Amino acid sequence: MKSVNSRTARAVMVALAAGSLVLTGCSENKGSGDSAKDSKKDQKEASVQSKAVAYKDAAASTGPAADVPGAREGGTISVYQEAGLSHLDPGQIYVSDAGQVANLLFRGLTNFQEDGKGNVAVVGDLATDSGKSSDGNKTWTFTLKDGVKDQNGNVITSADIRHTVERQYAKFIFDGPSYLQTWLSGPKYRDALPDGGFGSKHLPDSVLATPDEKTVVFHFDTPRPDLPQTLAMAGYSVVPAKSDTRAKYDKAPVATGPYKIAEYKVGKSLKLVRNENWDPKTDSVRHAYVDGYNFDFGVTESTQTKRLIADQGGAKSAIQFTGGVESTQIQDVVSDPAVNKRTIKGYQPYVMTLTFNLDRVKNKKVRDAVTYAVNSKSLIAGEGGAYGGDVAPNLFAPTLPGYEAAYDPYGRLKTPSGNIEKAKELLKGVPAAEKKLVFAYGNNEQGQKRKVAIEDALGKVGFDVVSKEIDAASYYEQIGKLKNPYDMYISGWGQDWPSAATVVTPIYDGDQISDGSPNYSHINDPKVQELIKKALTQQPTEAAATWKEAQHYILEKVNPGAPLWYTKQFQLYGSNIGGARYSTESSYIDVNNLFLKS
């Protein structure tokens, strides 16, 4: 998943951090201070996110959600956010900020449910349970709950689920997850249904069956035990067939969740109000304690932090959404007990990398020299030091099963500020033209800090860095274009659920190279393809060894991106906000339990 500051989804959803973006897509964190000791503690705590997700039955999937102690109804929460939203069409959502919004607006067949203690389960959302498998996990059957309606009062039926799946094949859907489509129809899935089901042709019953209004059956040619988690991603939320306006849907989607859009000014503001047709009795995950949310876009993280520290007027009822405490103000927060108690902290699933466009940066010596030269310490300082992240020696985050803390092929842990001599040695004899690199960065505070850190580090070893500013809201869309004019860009990716398959496959699978694909490096290596196909047919224990081999090969033999840092979340909220807690699933503030104290 992308981070708002990178790309994303189980704790996840893509994160270029909102204030900074990562791809199921999400935000990067901030902090300061010496953290060798704290980092080990943080990484140990992060391992809870690598625990297997439980699939729950009908009882756990029946609403209403368990009450939050002390919660009351009423009032409106203000949301501070720096970058605007790139998408609101569920099929296009793969970045963490839009994923957070999606949880307020949309529902899918399944959803993630968490207990606040780090345990995450999958429950039925529109479905009565997390799904029933047969034929060795090749067939999955879902039954819809009775009477669930969209904001217009239309009952959701199996036809809406079919439509939601089939529209993912349409060309105007290009920026969301592609697991389900490729599992059903292969890597060239668009060829199977070019018009996305809007014409007379549909997927055959042998692939997707809807025998009656309440039953949906998926048929796969290989076991897909992760399907319930896949369907819980925001990108697979339902789009009611009667309301679909195709490409225009991105600006005015129809809600099935507790809130609906009252007003949306792209890049400026978003107003959410109650969806009267949402029935809490059908929802075991969400609450709707407040009357609505007012999003204010364009508020920098430094301004967000100042307002929330001061805690005056409307700021008392405000939250940071996917942004975090601005790095230079972290000590102001942690040194004041009254302010510090209004924070949430947690390890995110994102690995931030300096990704190379392999179509343009073809010399591995150049890529390796950059990898040795980059200054993780400086970059992390811009995120908030110990509160913002830890040096990443490899491509797997501490939240991922198979994480190897000591695997460090480029010596990132020993030389977090960069190995200048090694980089210079690699560059000997490299033509000047190959040392000129175009670096893309987002036009927000985080992007500016990263630009300075990259230019400084690479300049020391003889690179000529040409920095190009791009819109932070559409950052991933811009670097996701196959013909983009950039040599390198910082991107972030987090697991879509606890499996290395959700890291290696989306961003290193050559079969998935296309506009909008998270394979931002355009890596297409036969050995990597071989290992991916092998791992996807293996049982988890065997697959873990194959994914490990794949990571080692990718990082050492190809090097499509220099690992920079693992992200942490550190967010602040106003004193009138109740029910605030860290969400293991989203890696941000949990929007499901929020209320206003008065």
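A quick note: this is a predicted structure, and the numbers were derived from the prediction, not measured.

Q: Is there a simple way to think about the packing of aromatic side chains in this case?
A: Two numbers describe a pair of aromatic rings. These are the distance of the centres and the angle of the planes. Summed over all chains, the structure comprises 22 aromatic pairs. Considering the side-chain rings of tyrosine 293 and phenylalanine 295, the 6.5 Å spacing of their centres and the 35° angle between planes classify their relative orientation as tilted. Overall, the relative accessible area of 1% leaves tyrosine 293 in the buried class. Under the relative-accessibility criterion, phenylalanine 295 is labelled buried at 3%. Chaining the aromatic ring pairs together yields one cluster made of Tyr55, Trp140, Phe142, Tyr179, Trp183, Phe218, Phe220 and Trp497. If you follow arginine 167 out to its NZ or CZ, it ends over the ring of tyrosine 249, 5.4 Å from the centre. The ring of tyrosine 80 has arginine 307 lying over it, and the distance from NZ or CZ to the ring centre is 5.0 Å.

Q: Help me out: how do you make sense of the sheet that holds strand S7 (residues 120-124) in this one?
A: Reading across from one edge, S4-S7-S6 is the order of the three strands in this open sheet, with mixed pairing throughout. Only two strands of the sheet have a single partner each, and these edge strands are strand S4 (54-55) and strand S6 (110-114). The pairing of S6 with S7 spans five bridges and is classified as antiparallel. When the sheet's bridge partners are listed, asparagine 111 is paired in S7 with valine 123.

Q: Looking at this model, I keep getting lost on the sheet that holds strand S12 (residues 259-265). Mind explaining?
A: Sheet strands pair via backbone hydrogen bonds, and the direction of the pair is either parallel or antiparallel. Taken in spatial order, the five strands of this open sheet run S12-S13-S14-S5-S15, and their pairing is mixed. Each having just a single partner strand, S12 and strand S15 (318-320) make up the two edges of the open sheet. Neighbour-to-neighbour, the strand axes of this sheet turn through a mean angle of 20°, independent of strand direction. Relative to strand S13 (residues 269-274), S12 runs antiparallel, the two being bridged by six bridges. Within the sheet, the bridge partner assigned to glutamate 263 lies in S13 and is lysine 271. Contacts between helix H3 (residues 96-105) and the sheet are confined to strand S5 (76-81), S12, S13 and strand S14 (292-297), with S12 contributing the most and set at about 135° to the helix. Strand contacts of helix H7 (residues 301-310): S5, S14 and S15, with the helix running at about 140° to S15, the strand carrying the most contacts.

Q: Mind showing me how you'd approach empty space enclosed by the protein here?
A: It is the rolling of a water-molecule-sized probe over the atoms that shows where space remains empty. Within this model, the largest cavity holds a volume of roughly 220 Å³. Forming the boundary of the largest cavity are 22 residues, of which Thr353, Ser491, Trp493, Ile507 and Tyr508 lie nearest the centre. Listed by contribution, the elements that provide at least two residues to the lining of the largest cavity are strand S16 (343-356), strand S20 (488-494) and helix H15 (501-508). Of the residues contributing to the lining of the largest cavity, the split by class is 13 nonpolar, nine polar and no charged.

Reading the values: the criteria
- By convention here, each chain's residues receive numbers from 1 onward along its written sequence.
- In keeping with the predicted nature of the model, local features appear solely for residues at pLDDT of at least 70, side-chain atom pairs appear and are counted solely at 80 or more, and the whole-chain, interface and lining totals rest on all residues.
- The side-chain values count all of the structure's non-hydrogen atoms but skip hydrogen atoms and water molecules.
- Only rings of Phe, Tyr and Trp enter the pairing, Trp through its six-membered ring, and a pair is recorded when the two centres are within 6.5 Å. The plane angle decides the type: under 30 degrees is stacked, over 60 is edge-to-face, the rest tilted.
- For every residue, the accessible area (1.4 Å probe, protein chains only) is compared with the maximum for its type, and the residue is labelled buried under 20%, exposed over 50%, or partly exposed between those bounds.
- By definition, being over a ring means that NZ of Lys or CZ of Arg is both within 6 Å of the ring centre and within 35 degrees of the ring normal.
- In this scheme, strands are said to pair when DSSP sees at least two bridges between them.
- A run of H or I in DSSP becomes a helix once it reaches four residues, and a run of E becomes a strand once it reaches two; helices and strands are each numbered from the N terminus.
- Geometry is summarised by axes, namely lines fitted to C-alpha atoms with helices restricted to the contacting stretch, and by angles between N-to-C directions that run from 0 to 180 degrees.
- Throughout, a residue-residue contact means that at least one pair of heavy atoms, one from each residue, lies within 4.5 Å.
- Both site types are read off a 1 Å grid over the protein atoms alone. A 1.4 Å probe that fits but cannot get out defines a cavity, while an open set with protein on both sides within 12 Å along at least five of seven lines defines a pocket; lining residues have an atom within 4 Å of a point.
- Grid points are joined across faces, edges and corners, and a volume is the space filled by probe spheres set on the points.
- In this count, Pro and Cys sit with the nonpolar residues alongside Ala, Val, Leu, Ile, Met, Phe, Trp and Tyr, while Asp, Glu, Lys and Arg are called charged and the others, Gly among them, polar.

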